[in-house]
Amino acid sequence: MTILEEILEEKAKEVAKLKKSYDSIKTNKLPYNRSLYQTFMTSDYMNIIAEIKRASPSKGMINPDVIPSSQALDYQKYGAGAISVLTDEPFFKGSMEDLIAVKKQVAIPILNKDFIIDEIQIDRARDAGADVVLLIAAALSPERLQILFDYATNKGLEVLFEVHNQAELAIAQTIGASIIGINNRDLKTFQVDLAITEQLAAQIDTSHTLVISESGMRTREDVERVKRAGVKGILVGETMMRSPTLDKTFEQLRVKL
Ligand SMILES: O=C(O)c1ccccc1NCC(=O)[C@H](O)[C@H](O)COP(=O)(O)O
């Protein structure tokens, strides 16, 4: 079984529990309507989605003691265009409480980074104040992706549609995704290769579609490389979470477009 299959198996259990206990009507809803697309398409600098990521399957513990609200404030202060909060608990040690804490602190768009397989997770993301949700092409059938994509967009959320290969990109384009995340990490093998961004971005009309390069961003050279491929945004987790000097890390990665 691949790690993605393991994660999805756990998600199915989580969703089953959520369906028994989650009451959207009783939830204190936080506002959501900050547009990642608008912010990123009109910026002169490489936009950074800085991630709150305590742990991961590929790296184990990364920063278990992080305080999401203060980390998020720093991200915003140093120039993040958006913040991604990994809310999966079993594999990434995150939570929806992390997302709510971040939302209350900052004014920039918030991405709920999780493994969405059901509408109820989209309701929960929206109630918690997420502006953007993630759909991973490798996780679901094209039909199910279309249904969840429509569900999220009809509720006023933006969707970061994540792809890793040619076939997944074709699905994103058929569905009409306007924000495509190219994950450089193979979720089955954990191998990271920035050439994936170069190969796939070349097939996207980047004047209309916002392309985000995800995973493995460490240096200014990495960012310059994906910039040449037409990318306007990067999603950075581990490098941010391990940085002892976030101001310098942002300075290094936030290149002029
Ligand atoms: O990061 C993992 O090990 C991982 C494993 C299985 C599924 C997803 C995984 N990561 C989610 C992400 O896509 C990254 O958190 C994100 O792109 C940031 O990556 P990085 O900057 O390399 O931490």
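Looking at an unreviewed UniProt entry, the protein chain carries the name Indole-3-glycerol phosphate synthase, with the source organism given as Paraliobacillus ryukyuensis. The protein chain has a UniProt comment under Catalytic activity (unreviewed entry) that states "1-(2-carboxyphenylamino)-1-deoxy-D-ribulose 5-phosphate + H(+) = (1S,2R)-1-C-(indol-3-yl)glycerol 3-phosphate + CO2 + H2O".

**Q** Describe the overall build of the protein chain, with residues and values.
**A** Counting its regular elements, the protein chain contains eleven helices and ten strands. Counting only C-alpha atoms and orienting by the principal axes, one finds that the protein chain spans roughly 50 × 40 × 35 Å. A buried classification covers 43% of the 257 residues belonging to the protein chain.

**Q** Report on the sheet that holds strand β9 (residues 210-214), specifying residues and quantitative values.
**A** Overall, parallel pairing links the eight strands, which are arranged β1-β4-β5-β6-β7-β8-β9-β10 in a closed barrel. The sheet shows a mean angle of 25° between the axes of neighbouring strands, direction not considered.

**Q** Any chance you could break down helix α9 (residues 220-228) for me, citing the residues and the numbers?
**A** Since there are 3.6 residues in each turn of an α-helix, residues three or four apart along the chain are aligned in direction. The set of residues buried in α9 consists of Asp 222, Val 223 and Val 226. Considered in projection along α9, the buried side chains sweep an arc of 95° and stay on one side of the axis. Structural note: α9 exposes Glu 221, Glu 224 and Arg 228 on the side pointing more than 90 degrees away from its buried face. Buried residues belonging to α9 abut α8 (195-201), β9, β10 (233-236) and α11 (246-253). Of the residues trailing α9, Gly 230 is marked for its positive phi of about 100°.

**Q** Can you break down the nonpolar core residue by residue, with the values?
**A** The biggest cluster of nonpolar side chains holds 67 residues, and the ones touching the most others in it are Ile 83, Val 133, Leu 135, Val 159, Phe 161 and Ile 234. Beyond its immediate chain neighbours, meaning those up to four positions away, Val 159 contacts Val 132, Val 133, Leu 135, Phe 149, Ala 152, Thr 153, Ala 177 and Ile 179.

**Q** Describe the environment of Met 61, and please don't skip the residues or the numbers.
**A** Looking at where Met 61 falls in the secondary structure, it is placed in strand β3 (residues 60-61). For Met 61, a count of 10 C-beta atoms within 10 Å gives the class exposed.

**Q** Go over the site of the ligand with me, naming the residues and quoting the values.
**A** Not every one of the 19 residues close to the ligand is listed here, only the nearest: Ser 56, Ser 58, Ser 215, Gly 237 and Glu 238. Listed by contribution, the elements that provide at least two residues to the shell around the ligand are β10 and α10 (238-242). Classifying every residue of the shell around the ligand by side-chain character gives seven nonpolar, seven polar and five charged.

Here is what the cut-offs are and how they apply
- Residues numbered from 1 in each chain as written.
- Predicted model: local features only at pLDDT ≥ 70, side-chain atom pairs only at ≥ 80, totals over all residues.
- UniProt positions renumbered as here; feature names shortened; annotations may be inferred.
- Helix = DSSP H or I, 4+ residues; strand = E, 2+ residues; numbered from the N terminus.
- Buried ≥ 20, exposed ≤ 12 C-beta atoms within 10 Å, placed from the backbone.
- Pairing = 2+ DSSP bridges.
- Axes fitted to C-alpha atoms, helices over the stretch in contact; angles between N-to-C directions.
- Arc of directions from axis to C-beta.
- Contact = placed C-beta atoms within 7 Å.
- Core = buried A, V, L, I, M, F, W, Y, C linked by C-beta atoms within 7 Å.
- Near = placed C-beta within 6 Å.
- Nonpolar A, V, L, I, M, F, W, Y, C, P; charged D, E, K, R; others polar.

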